[in-house]
Every structure is written in structure tokens, then in C-alpha cells.
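Coordinate analysis (summary)
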Amino acid sequence: MIKIKPHEIAFDIDGVVADTMSSFIKVARKEFGINSIRKEQITSYWLEKCLNIPEDTVKAIIDRILENPFSTGLSPIEGAVETLEAIAECCPVYFVTARPLREPIVKWLHTVMRTIPPDRIIVEATGRHDLKPQVLKELGKRYFVEDHLDTCKAIHSCGLKPIVFDQPWNQGTVPFLRITDWENIGNLLELD
Ligand SMILES: [Mg+2]
């Protein structure tokens, strides 16, 4: 089993730290009256491909989640906060997101990880998936936990080590490490 030093790893946010798809389902139900979506149905990263709802509606819901994580009830994935807090005891915690807006998600991270001093939470918002490998290289991060398979592949082809965070939308065989929950991540880390 590999052991990762806490300063070698960075994290994607949506679908890894934040339970973004549950937020999507909630907003779809409360504000658009769409009651039919189940998480298991989300078998593609691109929601308009796997859900029978109009592309404009998908975009409107995603924009809400990007702009205001709090009002859309975004919550952390089970176990994420505890493991990130343990990392923050050793070194700053790094996040690299393709979100175009940095501030709303930074505020959200500060709120859900109250015990981590804000200056130990470092967030890079690239605005584009394809910029993640370069940003990770610049940050000197070798490992990256990500739920989007295409991004994992791009990271891998740049000589870095993606770790797939298992989700219904990233199934299939890949030559990367796959983890199913945050306890798994904790076990990979050389903490203390
Ligand atoms: Mg993601």
C-alpha cells in the first residue's frame, strides 16, 4: 500500500469534498419541481447527458451552486472534514477546483472546516478542467483526488498520480488508484 505525505496531496472540491450532486438534486426538486432524479442515475459527469432535463435547467442549477453554495444546501461528504483537519495539523491543505468563482467556495470551505485556520486552506480556482495538471505541477503536488475521469487521465499523462474518488459518474476500469470514501484517503496518508 502506498503512503502519501500530507504535503504531496491536493484535492478537487465538487464530488470529492462537497456533496455537489446531492445539492443539485435538492435545488432541482425545490426550485424546479423536478422530483425524479436519484444519485445513481448520474452516470455521466455531464449531467445533461444522463438526466432527462433540459440543458438550460442543468445550467441554471449549476450556476446557483457555483454562486451560492450556502443557499443550495451544499454539505461536505462524510468523513472529509475530519481527514482534512488531520492534514491541516501537518501542513496547509490544498484544493484545486475548475470552478470559475473562487470566493463563494472559499467561504464555504472556511465554514465547514471551522477548526482549520483560514490561512491553512489554499484554493486554486482554474475555471477550466484542463488547467488542473499544470496548476498541480506548479504547486508541487504529486497526488490529486478527483472525481472526473477525464481530468484524472490528463493528470496521469502529465506524470502525476490521480486518485479517483468513486462516484456513479466515474465507473469503469482505470489504471489509477480508486478510493471509495474518506476513511480510505486517511489510510493512505502518513499522518503524524
Ligand atoms: Mg469534481
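Counting restarts for each chain: residues are numbered from 1 in the order of the written sequence. Under the rules for a predicted model, residues below a pLDDT of 70 receive no local features and side-chain atom pairs below 80 are neither given nor counted, while totals for whole chains, interfaces and linings still include all residues. Think of the side-chain values as coming from all heavy atoms in the structure, minus any hydrogens and water.

For a metal bound by four donors in a tetrahedral arrangement, the ideal donor-metal-donor angle is 109.5 degrees, while six donors in an octahedral arrangement ideally sit at 90 or 180 degrees. Donor atoms from the polypeptide that bind the magnesium ion are Asp12 (OD), Asp14 (O) and Asp147 (OD), placed at 2.0 to 2.1 Å. Counted as donors are N, O and S atoms no farther than 2.8 Å from the metal, or 3.2 Å for Na, K and Ca; water is not among the atoms, and sites may therefore look incomplete. One chain supplies every donor to the magnesium ion, and in sequence these donors are spaced D-x1-D-x132-D. Remark: Asp147 occurs in the loop between strand E4 (143-146) and helix H7 (149-157) and Asp14 occurs in the loop between strand E1 (9-11) and helix H1 (20-32); sequence separation between them is 133 residues. Here the two residues Asp14 and Asp147 agree in accessibility, since each one is buried. Under the DSSP-based scheme used, a helix requires at least four consecutive residues in state H or I and a strand at least two consecutive residues in state E, with every element numbered from the N terminus. Relative accessibility decides the category of a residue: with a 1.4 Å probe and only protein chains considered, values under 20% of the type maximum give buried, values over 50% give exposed, and everything between is partly exposed.

Let's shift gears to the domain arrangement of the protein chain. Domain boundaries shown here were taken from an automatic or database domain assignment. We note that the domain assignment places domain 1 (6-18 + 76-188) and domain 2 (20-67) within the protein chain. Put simply, the middle of domain 1 and the middle of domain 2, counted by C-alpha atoms, are 22 Å apart. In this description, contact between two residues means that some pair of their heavy atoms is separated by no more than 4.5 Å. Residue-level contacts link 13 residues of domain 1 with 12 residues of domain 2. Computed with a 1.4 Å rolling probe, the buried area is the accessible surface lost when two parts are put together, summed over both parts. In total, domain 1 and domain 2 occlude about 1,100 Å² of area from one another, counting both sides; carbon and sulfur atoms represent 62% of this. Its largest share of buried area at the contact with domain 2, domain 1 owes to Arg99, Pro168 and Trp169, together 48% of the area lost on that side. Here, a salt bridge means any side-chain nitrogen of Lys or Arg that lies within 4 Å of a carboxyl oxygen of Asp or Glu. Scanning the region where domain 1 abuts domain 2 turns up zero salt bridges.

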